[in-house]
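Report on the structure
The lines below spell out each chain.
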Amino acid sequence: MDTAEKLNLLIRKTGVTLNLLNNGEYVGSFKAFLQPLRYKNKIYLRGVATELGYDSLKKYLLISPYDVDLYSVDGTYLTLKYEKNFLSIDHSEKVFFGNKPLYTWSIVTKEG
């Protein structure tokens, strides 16, 4: 098992379940790591400066398996649902190890 497969297995075993919605209709689910975004600069944020960096308030970092295709979504009509929260995708990128995809990271915003 290579590095990407080991990481995807870890995400699938320990991540939270997110549902993918297309115009409000369920199209699938996947596991991912989701945490509040604390970033050192304002590239993706309209945040508040703190001692540790910028606190984005409603922004979250999402780490998902490389085969979950979120990087092509970037702000379209697709929405993520976690528990009772809806999240819109601001930006996504695949991370590669050599020429093999490793995982996808995304910046998501809690709606409402």
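For every chain, the first residue of the written sequence is number 1, and numbering continues from 1 along that sequence. Restriction of local features to residues with pLDDT of at least 70 applies here, the model being predicted, together with a cutoff of 80 or more for giving and counting side-chain atom pairs; totals for whole chains, interfaces and linings are based on all residues. Based on all heavy atoms of the structure, the side-chain values leave hydrogens and waters out of the count.

The subject of this paragraph is the overall build of the protein chain. Helix and strand content of the protein chain: one helix and seven strands. The helix count covers DSSP runs of H or I at least four residues long, the strand count covers runs of E at least two residues long, and both are numbered beginning at the N terminus. Starting at the N terminus, the α and β elements of the protein chain follow one another as α-β-β-β-β-β-β-β. It only takes one pair of heavy atoms within 4.5 Å for two residues to be counted as in contact. Long-range pairs, those at least 24 residues apart, make up 50% of the contacts in the protein chain with a sequence separation of at least 6. Areas reported here follow the Shrake-Rupley algorithm with a probe of radius 1.4 Å; residue values treat only the protein chains shown as occluding. Of the roughly 7000 Å² of accessible surface on the protein chain, a fraction of 53% belongs to carbon and sulfur atoms.

Attention now moves to the side chain of Ser106. As for its position among the elements, Ser106 is in strand E7 (residues 100–110). By relative accessible area, Ser106 is classed as buried at 0%. Among the polar contacts made by the side chain of Ser106, one reaches the side chain of Ser92 at a distance of 2.5 Å. For the exposure calls, accessible area comes from a 1.4 Å probe over protein chains only, and a residue counts as buried if that area is under 20% of its type's maximum, exposed if over 50%, partly exposed in between. Polar contact is defined as a pair of N or O atoms within 3.5 Å, subject to the rule that within protein one atom must be able to donate a hydrogen and the other to accept it, and that residues adjacent in sequence are counted only when both atoms are side-chain atoms.

On to unusual backbone geometry, then. A positive phi angle, close to 55°, is found at Asn23, a residue other than glycine. Given the relative accessible area of 60%, Asn23 is considered exposed.

Within the fold, Ser29 resides in strand E2 (residues 25–39). Its relative accessible area of 43% is what places Ser29 among the partly exposed residues. Between the C-alpha atoms of Ser29 and Asn19, which are ten residues apart in sequence, the distance is 4.2 Å. Residue contacts for Ser29: discarding those within four places in its chain leaves Thr17, Leu18 and Asn19.

Before going further, it helps to spend a moment on the confidence of the model for the protein chain. Here the protein chain averages 81 in pLDDT, while 76% of its residues score no lower than 70. Predicted confidence is poor over residues 51–55, with pLDDT under 50, and the contacts of this stretch with residues over four places away or in other chains come to 20 contacts. What pLDDT conveys is the predictor's confidence in a given residue, as a value from 0 to 100.

Where side chains of opposite charge bring their charged atoms close, a pairing between them can arise. Salt bridges are identified by distance alone: a Lys or Arg side-chain nitrogen within 4 Å of an Asp or Glu carboxyl oxygen. Overall, the coordinates contain three salt bridges when judged by the stated rule. Between Asp2 and Lys100 there is a salt bridge, and its shortest N-O distance comes to 3.3 Å. Taken together, the residues span a long stretch of sequence, with Asp2 in the segment before helix H1 (3–14) and Lys100 in strand E7 at a distance of 98 residues. According to the relative accessible area criterion, Asp2 is partly exposed, its value standing at 31%. Note that Asp90 and Lys59 form a salt bridge whose closest N and O atoms lie 2.4 Å from each other. Taken together, the residues Asp90 in strand E6 (residues 85–97) and Lys59 in strand E4 (residues 53–65) connect sequence positions 31 residues apart. Taking the relative accessible area as the measure of exposure, Asp90 reaches 32% and is therefore partly exposed. For Lys59, a relative accessible area of 12% puts it in the buried group.

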